[in-house]
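Residue-level listing of the chains:
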Protein chains: 2
Amino acid sequence: MMTVHEVSKLAGVSIRTLQYYDTIGLLHPAGYTDSGYRLYDDTDLKRLQQILLFRELEFPLKEIRRIMENPDFDQAKALSQQIDLLTLRRKHLDDLLKLARQLQRKGENNMDFKAFDTSKIDEYTQKAKASWGDTAEYKEYEKKHGKRSSSDSKKAAEGLMAIISGFAPLREKHPSDAAVQAQVKKLQDFISENYYSCTKETLSGLGKMYAAGGDFTKNIDAAAGDGAASFINEAIQIYTK
Amino acid sequence: MMTVHEVSKLAGVSIRTLQYYDTIGLLHPAGYTDSGYRLYDDTDLKRLQQILLFRELEFPLKEIRRIMENPDFDQAKALSQQIDLLTLRRKHLDDLLKLARQLQRKGENNMDFKAFDTSKIDEYTQKAKASWGDTAEYKEYEKKHGKRSSSDSKKAAEGLMAIISGFAPLREKHPSDAAVQAQVKKLQDFISENYYSCTKETLSGLGKMYAAGGDFTKNIDAAAGDGAASFINEAIQIYTK
DNA sequence: ATTGACTCTCACGTTACGTTATAGTTTATA
DNA sequence: TATAAACTATAACGTAACGTGAGAGTCAAT
């Protein structure tokens, strides 16, 4: 059993934060002393770790609580999503870095704000949140963000997975093989049509995310065989170079 | 001249945000129509871009204003620091990703919170802020964070640069050469003693930052010759593998 | 028994906007 | 030319996640 001070030191959060998390019901300590001092155990620490991961991804504390309160909360699933989101964020940082370097070199104008665009991250975040039960909020979101009904987006997702599956019979070839590369182009075109303009750069980022070990990796490997995500990523990296 | 709506669309910020930035004096539009509508020009857009970069790095708006108000505000210097900070953040994300993957694999406990530690980022942020004039706040910060007086830290910095300079005569050799690798080890030991425990992993991250094109790159190249930062990074990457 | 280091619970302050509410302005259309 | 549709303005209150004292017990060591 650890005191607030000890947990604070170990986890790098303030004592006030621990107190706050207790009062809002996000993280109750395992117990209290007679005099009301908080006492944390290992389970609490693990929970805190989860919370901090969500927090790094800028989930509101209320959301985090809702997600973790859920009786069918799935730690593995959460980690999967967190990995996807972290990968997206890394991509975002890379974009910003590139912009900064451009500005540095050209000293002059580069009136580009695409690097600040977080819509892809936001979208995945929304989906992730929605996958944790609250159907009401999700419908709300769908209504707000255009009419693409969930049946439409399901159809799009199916089309995407069909293309992904198309990689399965190509697995024996080299990623640089013409047939494989053609399939990559198919993928790019499909994304451009159904989601957003998919430049080579965007595609490269997607490839990395596919192979990052999160939900994407799982789904892809399930659809096109183990190791498929990694294979596709290799093909994409060749294609985009 | 663009309206709020147009700027909002282009830059991906809300109209409210533009209004707010105007009232707090962070970004005044170039002019107003007779009826009080805001009108922005290209200069404003460039300024907004700078602001957004600072904001991505979680600088408080007041700080951003103070920095950019400063008559000797140096855009190039700002970009340099921003690059360093973005690089640090990327490293931070990589750490989190690694932690998440570990948790995913081992399903079991990995009671490690080092990945959440942002002290290096915070420290550099403080230094960056301090370099923009406000000596009062900086002294305050030094007082708070232990007694390492600025003379002490200057001595440490000098020691570091001495080691960096030590790479200069080795530039003709291959990064994997024993002499070069020995120098890398010297560097690691020095950092461990004077700053923080410098694992191979930490060192690898530092190497990348050295070569990222920001302040570090500049200082290193100035001390040990052009291209030195990149050379040192290569040596580090070999050493840490 | 006292001191110094911890801890507790209020309770107000802060940042960066989101969100109405109310009202004037400009543009497109009938 | 009237009038709706779309845009913009200020004002003012709401929110999230704590930071920062204030005032008051608690615990470990001297």
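Residues numbered from 1 in each chain as written. Chains lettered and ligands numbered in written order. Predicted model: local features only at pLDDT ≥ 70, side-chain atom pairs only at ≥ 80, totals over all residues. Heavy atoms only, no water.

1. So, the overall build of chain A
Keep this limit in mind: Numbering goes from the N terminus for both helices and strands, where a helix is a DSSP run of H or I of at least four residues and a strand is a run of E of at least two. Only protein chains enter the calculation, and the probe is 1.4 Å; a residue is then buried if its accessible area is under 20% of its type maximum, exposed if over 50%, and partly exposed in between. For this analysis, residues touch if any pair of their heavy atoms sits within 4.5 Å. Computed by Shrake-Rupley with a 1.4 Å probe, the accessible areas treat only the displayed protein chains as cover when residues are assessed.
When its secondary structure is counted, chain A shows 12 helices and 2 strands. Reading the secondary structure of chain A in the N-to-C direction produces α-α-β-β-α-α-α-α-α-α-α-α-α-α. Each of the 241 residues in chain A was classed as buried or not, and the buried ones make up 44%. Counting only contacts in chain A whose residues sit at least 6 apart along the sequence, the fraction spanning at least 24 positions is 61%. When the accessible surface of chain A is summed, it comes to about 12,700 Å², and 51% of that surface belongs to carbon and sulfur atoms.

2. Considerations on empty space enclosed by the protein
To keep it simple, the criterion reads: In this analysis the probe radius is 1.4 Å and the grid spacing 1 Å, with only protein atoms considered; a cavity is a set of points the probe fits into but cannot get out of, a pocket is an open set with protein on both sides within 12 Å along at least five of seven lines, and lining residues have an atom within 4 Å of a point. Grid points are joined across faces, edges and corners, and a volume is the space filled by probe spheres set on the points. Each residue gets one label: Ala, Val, Leu, Ile, Met, Phe, Trp, Tyr, Cys and Pro are nonpolar, Asp, Glu, Lys and Arg are charged, and the others, such as Gly, are polar.
For the structure on display, the rule yields 2 cavities of 30 Å³ or more. K46(A), Q49(A), Q50(A), L53(A), Q75(A) and L103(B) together form the lining of the second largest cavity. For the lining of the second largest cavity, the element with the highest residue contribution is helix α3 (residues 42-56) of chain A, accounting for 4 residues. Partitioned by chemical class, the residues of the lining of the second largest cavity number 2 nonpolar, 3 polar and 1 charged.

3. Section: the relation of the copies chain B and chain A
We count it as follows: For the least-squares superposition of copies, only C-alpha atoms count, and only for residues with pLDDT at least 70 in both.
Structural alignment of chain B on chain A gives an RMSD of 0.1 Å, achieved by rotating through 180° and translating 0.0 Å along the axis. Seen this way, the second copy is the image of the first under a two-fold rotation axis. Nearest to the rotation axis, the C-alpha of R90(B) is located 3.1 Å from it, this being the minimum over chain B. Of the interface residues in chain B, 100% have counterparts in chain A that sit at the interface too, so the contact is made through matching surfaces.

4. Focus on helix α2 (residues 15-23) of chain A
Residues and elements named next belong to chain A. Operational definition: Arc definition: directions from the helix axis to the C-beta atoms.
Within the span of α2, buried status applies to T17, L18, Y21 and D22. Down the axis of α2, the buried set is contained in an arc of 140°. They therefore lie on one face. α2 presents R16 and T23 as exposed residues on the side facing more than 90 degrees away from its buried surface. Looking at the buried residues of α2, the elements they touch are α1 (4-11), β1 (31-32), β2 (38-39), α3 and α4 (61-69). A positive backbone phi angle near 75° is found at G25, which sits one or two residues after α2.

5. Describing the protein's contact with DNA strand C
Convention followed: Neighbouring residues are identified by heavy atoms, a residue being near a molecule or strand if any of them is within 4 Å of it. Under the rule applied, a polar contact is a pair of N or O atoms within 3.5 Å (in protein, one hydrogen donor and one hydrogen acceptor; residues adjacent in sequence only if both atoms are side-chain atoms).
Neighbouring residues of DNA strand C: 20 residues in total, closest R38(A), S14(B), Y21(B), Y37(B) and L61(B). Atoms of DNA strand C within 4 Å of the protein: sugar and phosphate make up 78%, bases the balance. Between DNA strand C and Y37(A), the relevant distance is 3.3 Å, taken from a base oxygen to a side-chain nitrogen or oxygen of the residue. Breaking the surface near DNA strand C down by element, the ones donating at least two residues are α1 and α2 of chain A together with α2 (15-23) and α4 (61-69) of chain B. Among the elements that make up the surface near DNA strand C, the one with the highest residue count is α2(B) (4 residues).

6. A word on the protein's contact with DNA strand D
The environment of DNA strand D is formed by 20 residues, the closest being S14(A), Y21(A), Y37(A), L61(A) and R38(B). Looking at DNA strand D alone, sugar and phosphate atoms form 75% of those within 4 Å of the protein. Interatomic distance of 3.5 Å between a side-chain N/O atom of R16(B) and a base nitrogen of DNA strand D. In this structure, a phosphate oxygen belonging to DNA strand D sits 3.2 Å away from a side-chain N or O atom of Q19(B). Those elements that provide at least two residues to the surface near DNA strand D are α2 and α4 of chain A together with α1 (4-11) and α2 of chain B. Per element, the largest residue contribution to the surface near DNA strand D is 4 residues, and it comes from α2(A). Split by residue class, the surface near DNA strand D holds 8 nonpolar, 7 polar and 5 charged.

7. Observations concerning helix α5 (residues 75-106) of chain A
Cut-off, in case you're wondering: Multiplying 1.5 Å by the helix residue count minus one yields the expected span of that helix.
Helix length check: α5(A), at 32 residues, gives a terminal C-alpha distance of 46 Å against a target of 46 Å (1.5 Å per residue), a fit within 8%. In this structure D74(A) caps α5(A), since a side-chain oxygen of it lies 3.0 Å from the backbone nitrogen of A76(A).

8. Quick notes on the interface of chain B and chain A
How we decide: Put simply, buried area is how much 1.4 Å-probe accessible surface two parts lose in total, over both of them, once they are put together. By definition, a salt bridge exists where a carboxyl oxygen of Asp or Glu is found within 4 Å of a side-chain nitrogen of Lys or Arg.
The interface is formed by 36 residues belonging to chain B together with 36 residues belonging to chain A. In this assembly, chain B packs against chain A so that about 3,500 Å² is buried in total across both faces, 69% of it on carbon and sulfur atoms. It is Q49(B), F113(B) and F116(B) that lose the most area in chain B upon contact with chain A, and together they represent 19% of the buried surface on that side. Counting across the chain B and chain A interface gives 2 salt bridges. The shortest N-O distance in the salt bridge between R90(B) and D94(A) comes to 2.8 Å. Taken together, the links from chain B to chain A amount to 8 residue pairs in polar contact (both at pLDDT 80 or more). Of all elements in the fold, only α1, α3 (42-56) and α5 (75-106) of chain B reach the threshold of two or more residues within the side of chain B that touches chain A. Looking at the side of chain B that touches chain A element by element, the count peaks at 17 residues for α5(B). For the side of chain B that touches chain A, the class distribution of residues is 19 nonpolar, 9 polar and 8 charged.

9. Notes on the environment of D44(B)
Residues and elements named next belong to chain B. Following the sequence through the fold, D44 ends up in helix α3. For the pair D44 and A30, spaced 14 residues apart in the sequence, the C-alpha separation amounts to 6.9 Å. At 2.8 Å, the side chain of D44 forms a polar contact with the backbone nitrogen of A30.

10. Comments concerning the packing of aromatic side chains
Stated precisely, the cut-off is as follows: When the centres of two rings from Phe, Tyr and Trp lie within 6.5 Å, Trp using its six-membered ring, the rings pair. Their planes under 30 degrees apart give stacked, over 60 give edge-to-face, and anything left gives tilted. Sitting over a ring, as applied to charges here, requires NZ of Lys or CZ of Arg to be within 6 Å of the ring centre and within 35 degrees of the ring normal.
Here the structure, examined in full by the defined rule, presents 6 aromatic pairs over all chains. A centroid spacing of 6.3 Å and a plane angle of 45° characterise the contact between Y20(A) and Y21(A), whose relative ring orientation is tilted. Among the residues examined, Y20(A) registers a relative accessible area of 38% and is labelled partly exposed. Pairing Y210(B) with F216(B) gives two aromatic rings, centres 5.8 Å apart and planes at 55°, and the pair type is tilted. We classify Y210(B) as buried; its relative accessible area is 5%. Assessed through its relative accessible area of 24%, F216(B) is described here as partly exposed. One cation-aromatic arrangement involves K200(B) over Y239(B); the distance from NZ or CZ to the ring centre is 5.1 Å.

11. Thoughts on the domain arrangement of chain A
Residues and elements named next belong to chain A. Selection criterion: Note: domain ranges come from an automatic or database domain assignment.
The assigned domain composition of chain A is domain 1 (2-61), domain 2 (70-133) and domain 3 (135-241). Computed over C-alpha atoms only, the centres of domain 1 and domain 2 are separated by 27 Å. Across the contact, 8 residues belong to domain 1 and 10 residues belong to domain 2. Both faces combined, the contact of domain 1 with domain 2 buries some 850 Å², and carbon together with sulfur accounts for 66% of it. For domain 1, the biggest contributors to the area lost against domain 2 are Q50, L57 and F59; these three give 61% of the whole. The tally of links from domain 1 across to domain 2 stands at 3 residue pairs in polar contact (both at pLDDT 80 or more).

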